[in-house]
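What the coordinates show
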Amino acid sequence: LVAYASADAHSSVANAASIAGLADEQLRLVPVDAQRAMVAGELAAMVRADVDVGRRPFLVTATTGTTSTTALDPVAEVAEIASGHRMWVHVDGAFAGAAAVCPELRFVNAGLDRADSYTFNAHKWLLTNFDCSLLYVADRRPLLDALTILPDYLRNPASEGGAVIDYRNWQVPLGRRFRALKLWFVLRHYGASGLRAHIRAHVAAAQALAEWVESHPDFELAAPVPLSLVCFRHLGGDDVNRAILERANASGDLYMTHTVLEGRITLRLAIGSARTELRHVEAAWAHIVATTDEVAAAIPGLRPGSESSPS
């Protein structure tokens, strides 16, 4: 058996493969393009190569909104390749799935109608306390066939008569927390209009930040910004970016994370908290720019006014 996922897929994919008993070499990581999305042609070639030597492709995981950069894999193309080999198509909506509450942002669902299963995390951008992930399946029968076990002590008339849905048969644990209740309260409190306003404000703030980064002579965008995650870097190199990250986070005024893209340290500023407004993003950017002055003074050879130094 062989499974496939983008090279930028979340680490949980590799973790799940390991839990399922697959060896490392049974999970193929498909190369990504300049937009950090899975290359469908590469996937097709890898699948053909595995079939030619007698391996059995059984699963492909596409991502809409990768963790590192919010890249969007070409789900429809991936599903087309998978269909010829009876592969299960799972789509990880992760952070970006919440954007679909806004009609104009439903490009994040492109190709989703061809998926077998889909998940996204309401606790990431949909104002719901951790943890709350939603799983959708196009056909529940394969899931139930794989996980249903009915010892005598779990048999009851309501279940056998179909009056209730036994979610223990939809998951690994027998018990289940009532996560749906807190999501229900969020939906009732904010409503569709409130959730859309929340998402739209963050997307607008991220687009503004992206423009500020692009207009600064010493910074560059490291990836497209389709939603509310901005990946950028200082042109001075890894040491400079690492120092900016450490100093900014140590200040307590903002918090960023990092990733590595094309072998280079990249700063990540995710806009998604309930109370985050444009003014906070403006303040964060001002702090980052000011921090580069401190870094320039601390790193020998990095002088203000030079090609690779802060202006």
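This report concerns the structure included in the present document. This is a predicted model, so every value here is computed, not measured.

The rules we used
Residues numbered from 1 in each chain as written. Predicted model: local features only at pLDDT ≥ 70, side-chain atom pairs only at ≥ 80, totals over all residues. Heavy atoms only, no water. Pairing = 2+ DSSP bridges. Helix = DSSP H or I, 4+ residues; strand = E, 2+ residues; numbered from the N terminus. Axes fitted to C-alpha atoms, helices over the stretch in contact; angles between N-to-C directions. Phe/Tyr/Trp six-rings, centres within 6.5 Å; stacked < 30°, edge-to-face > 60°. Buried < 20%, exposed > 50% of the residue type's maximum accessible area, 1.4 Å probe, protein only. Contact = heavy atoms within 4.5 Å. Polar contact = N/O pair within 3.5 Å; in protein donor to acceptor, adjacent residues only side chain to side chain. Patch = residues over 30% accessible without salt bridge, like charges linked within 9 Å, V, L, I, M, F, W, Y side chains within 5 Å. Areas by Shrake-Rupley, 256 points an atom, 1.4 Å probe, with all protein chains shown as cover. Salt bridge = Lys/Arg side-chain N within 4 Å of Asp/Glu carboxyl O. Expected span 1.5 Å × (residues − 1). Core = buried A, V, L, I, M, F, W, Y, C linked by side-chain atoms within 4.5 Å.

Let's shift gears to the sheet that holds strand 4 (residues 88–94). Ordered by their spatial adjacency, six strands build an open sheet running 2-1-3-4-5-6, and the pairing between neighbours is mixed. Both edges of this open sheet fall to strand 2 (27–30) and strand 6 (133–137), since each of them pairs with a single strand only. Mean inter-strand twist for the sheet, computed between neighbouring axes without regard to direction, equals 20°. Sheet topology places strand 5 (residues 117–121) next to strand 6; five bridges connect them, and they run antiparallel. Paired with Thr 119 across the two strands is Leu 135, which belongs to strand 6.

Right, let's talk about the environment of Gly 41 for a bit. If you trace the backbone, Gly 41 turns up in helix 2 (residues 40–52). Counting along the chain gives 47 residues from Gly 41 to Trp 88, while the straight-line C-alpha distance between them is 18 Å.

Further remarks concern the packing of aromatic side chains. Applying the stated criterion across every chain, the model contains eight aromatic pairs. Measuring from centroid to centroid gives 6.0 Å for Tyr 118 and Tyr 136, while their planes differ by 35°, and the two rings are tilted. You can see Tyr 118 sitting in strand 5 and its partner Tyr 136 sitting in strand 6, a full 18 residues away along the chain. On the basis of relative accessible area, Tyr 118 is assigned to the buried category, the value being 8%. By relative accessible area, Tyr 136 is classed as partly exposed at 43%. Note on Phe 219 and Phe 232: the rings are 6.0 Å apart at their centroids and 55° apart in plane angle, and the pair reads as tilted. With a gap of 13 residues between them, Phe 219 in strand 7 (residues 219–221) and Phe 232 in strand 8 (residues 229–234) connect regions that are remote in the sequence. Look at Phe 219 and you get buried, because its relative accessible area is 4%. Chaining the aromatic ring pairs together yields one cluster made of Tyr 118, Phe 120 and Tyr 136.

With that out of the way, let us pick up the environment of His 123. Positionally, His 123 belongs in helix 4 (residues 122–125). Separated by 29 residues in sequence, His 123 and Ala 94 have C-alpha atoms that sit 9.6 Å apart. Excluding anything up to four places from it in sequence, His 123 contacts Thr 128, Asn 129, Phe 130, Asp 131, Cys 132 and Ser 133. From its side chain, His 123 meets the backbone nitrogen of Cys 132 in a polar contact 2.9 Å long.

Quick look at a nonpolar patch on the surface now. Together, Phe 178, Leu 181, Trp 184 and Phe 185 make up a nonpolar patch on the protein surface, roughly 470 Å² of accessible area in all. Structurally, the position occupied by Trp 184 is in helix 7 (residues 179–215). The exposure class of Trp 184 is partly exposed, given its relative accessible area of 47%.

Below, the discussion takes up helix 9 (residues 278–298). For helix 9, built from 21 residues, the straight-helix expectation of 30 Å at 1.5 Å per residue is met to within 8% by its first-to-last C-alpha distance of 31 Å. Within helix 9, burial applies to Val 281, Ala 284, Trp 285, His 287, Ile 288, Val 289, Thr 291, Thr 292, Val 295 and Ala 296. For helix 9, the elements touching its buried residues are helix 7, strand 7, strand 8, helix 8 (238–251) and strand 10 (264–270).

Time to look at the sheet that holds strand 7. Taken together, the four strands give an open sheet; going across it, the order is 7-8-10-9, and neighbouring strands pair in antiparallel fashion. Each end of this open sheet is capped by a strand with a single partner; those strands are strand 7 and strand 9 (257–261). Strand-to-strand twist across the sheet, computed as the mean angle between neighbouring axes with direction ignored, equals 40°. Inspection of the sheet shows strand 8 paired to strand 10 by four bridges, in the antiparallel sense.

Further remarks concern the nonpolar core. Ranked by size, the top nonpolar core spans 41 residues in total, and within it Tyr 4, Leu 43, Val 60, Trp 125 and Leu 227 carry the most contacts. Those elements that provide at least two residues to this core are strand 1 (2–6), helix 2, strand 3 (57–63), helix 3 (75–83), strand 4, strand 5, helix 4 and helix 7. Not counting residues within four places of it along the chain, the set of residues in contact with Leu 227 comprises Thr 70, Ala 96, Ala 99, Leu 105, Phe 107, Val 108, Trp 125, Val 203, Ala 206 and Gln 207. Of all hydrophobic cores here, the second largest spans 25 residues; its members include Ala 248, Leu 254, Met 256 and Ile 271.

This next bit is on unusual backbone geometry. A cis geometry characterises the amide bond from Phe 130 onward to Asp 131, with omega recorded as -5°. One can find Asp 131 in the loop between helix 4 and strand 6. Of note, Ala 94 is a non-glycine position whose phi angle comes to about 40°, a positive value. Within the secondary structure layout, Ala 94 lies in strand 4. Residue Ala 94 is classed as buried on the basis of its relative accessible area, which comes to 5%.

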